[in-house]
Amino acid sequence: MDFNMKKLASDAGVFFTRAVQFTEEKFGQAEKTELDAHFENLLARADCTKNWTEKILRQTEVLLQPNPSARVEEFLYEKLDRKVPSRVTNGELLAQYMIEAANDFGPNSPYGKTLIKVGETQRRLGGAERDFIHSASINFLSPLRNFLEGDWRTISKERRILQNRRLDLDACKARLKKAKAAEAKAALWSDEVEKAEHELRMAQTEFDRQAEVTRLLLEGISSTHVNHLRCLHEFAEAQATYYAQCYQYMLDLQKQLGSSRGEMLPGTFVGNAESTSPPPVTASPTTIAAGAATGPAVPIIPVVPTVIGAPNSAPAVEALNPSDVKPPASGTRKARVLYDYEASDSTELSLLSDEMITVYSLPGMDPDWLIGERGNQKGKVPVTYLELLS
């Protein structure tokens, strides 16, 4: 009991001495041991790393989980060291509603069929989002969080110890200075001077040792940057994979909707991404992002107005020679060719990218095709190779 009381009294005395020294420094009444410029730069770099890592971590968490309540729940589960329950993504929930609605409206109706197709795509998008969130959490968020909760806490602890060692050192310097001033007046103070010098040497040794430990930890920030750089690459790779998947899923959905739109909207001609001569898809997600300023990198789905006529009284155009077909009095349009096209027979018209042609449709004609004219040349052309102009 006596030992504990003495220790508490000693700790209280040390704390009081440090508080006095710190206060006097703030008021300019005591000298302060300054760290060298290199050490100060290390401290500034460490603080900068900590501050920006916190901001990047928090904003990435918002990106992956925009719902603040869900983020708080995940944080609590993590602190309690319990597994976070599986959460349905917004895309998966939308898919569920669409498919259930299709069952109520009639899965074989045009609207029901489309709801099912879009719902299945939303489910795939939700699954891709789930995979991306999981990958980003493991490969990016966890290393950042481990740095803040591990390495940075150690650095902060050692910096606090160094601060205390510096305060002790400066307090010893102040005591020695007072003892020497008293010694000049009375020789009886020589013992106090020797004691103050001994305490100063001990305090200097402790300070130098702690300064070296802290310096080594601060220099380790460089390896932290290297590790976070690798994690950043993995995060970007996961994000690129996610957006590439989303892009492909939406292309597939676009093709499905294009192939069925003619059934749902009879009498209109719609670009069909599953035509007998589909254009090659060469644009990657990177190309799309790079070309955002100059226009879309994927083919535009053109919509041609309904051509008024008697669809049941005219024979199919495929049975006619295009050279014998006369253009309608109205309904012709200009079109820009998106891709080169090689005619497969004499009824078709070969196309060159970026050229301008005149197009029109006739009653009973396959909605995937139009009649194209270029000078004296005439023939069928696939709709998906064209951008129709107003």
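Reading guide: rules and limits
Residues numbered from 1 in each chain as written. Predicted model: local features only at pLDDT ≥ 70, side-chain atom pairs only at ≥ 80, totals over all residues. Heavy atoms only, no water. Core = buried A, V, L, I, M, F, W, Y, C linked by side-chain atoms within 4.5 Å. Buried < 20%, exposed > 50% of the residue type's maximum accessible area, 1.4 Å probe, protein only. Helix = DSSP H or I, 4+ residues; strand = E, 2+ residues; numbered from the N terminus. Contact = heavy atoms within 4.5 Å. Pairing = 2+ DSSP bridges. Axes fitted to C-alpha atoms, helices over the stretch in contact; angles between N-to-C directions.

Draft legend 1. Quick peek at the nonpolar core. Ranked by internal contacts, the top residues of the largest apolar core, which has 36 residues, are F39, F132 and L218. Those elements that place two or more of their residues in this core are α2 (37–64), α5 (110–183), α6 (190–219) and α7 (221–264). Those residues in contact with F39 that lie beyond four places of it in its chain are L162, A211, T214, R215 and L218. Counting 20 residues, the second-largest nonpolar core is a separate cluster that includes L338, Y341, W369 and Y385.

Draft legend 2. Region of interest: the environment of T33. Counting through the fold element by element, T33 comes out in the loop between α1 (2–26) and α2. Judged by relative accessible area, T33 falls into the buried class, the value being 15%. Remark: the alpha-carbon pair of T33 and D170, spanning 137 residues in sequence, is separated by 6.7 Å. The residues contacting T33, other than those within four sequence positions of it, are R166, L169, D170, K173 and F207.

Draft legend 3. Broad picture of unusual backbone geometry. Even without a glycine there, the phi angle at D354 is positive, about 75°. Among the secondary structure elements, D354 is positioned in the loop between β3 (333–337) and β4 (356–360).

Draft legend 4. Representation of the sheet that holds strand β5 (residues 369–374). Strand order in the open sheet formed by five strands is β6-β5-β4-β3-β7, and the pairing between neighbours is antiparallel. Both outer strands of the open sheet, β6 (377–382) and β7 (386–388), are each paired with one neighbouring strand and no more. Across the sheet, the mean angle separating the axes of adjacent strands is 40° when strand polarity is ignored. Examined bridge by bridge, β4 and β5 share three bridges and lie antiparallel to one another. Across the sheet, the residue bridging to T358 is E373, located in β5.

Treat this as a map of the structure, not an account of what it does.
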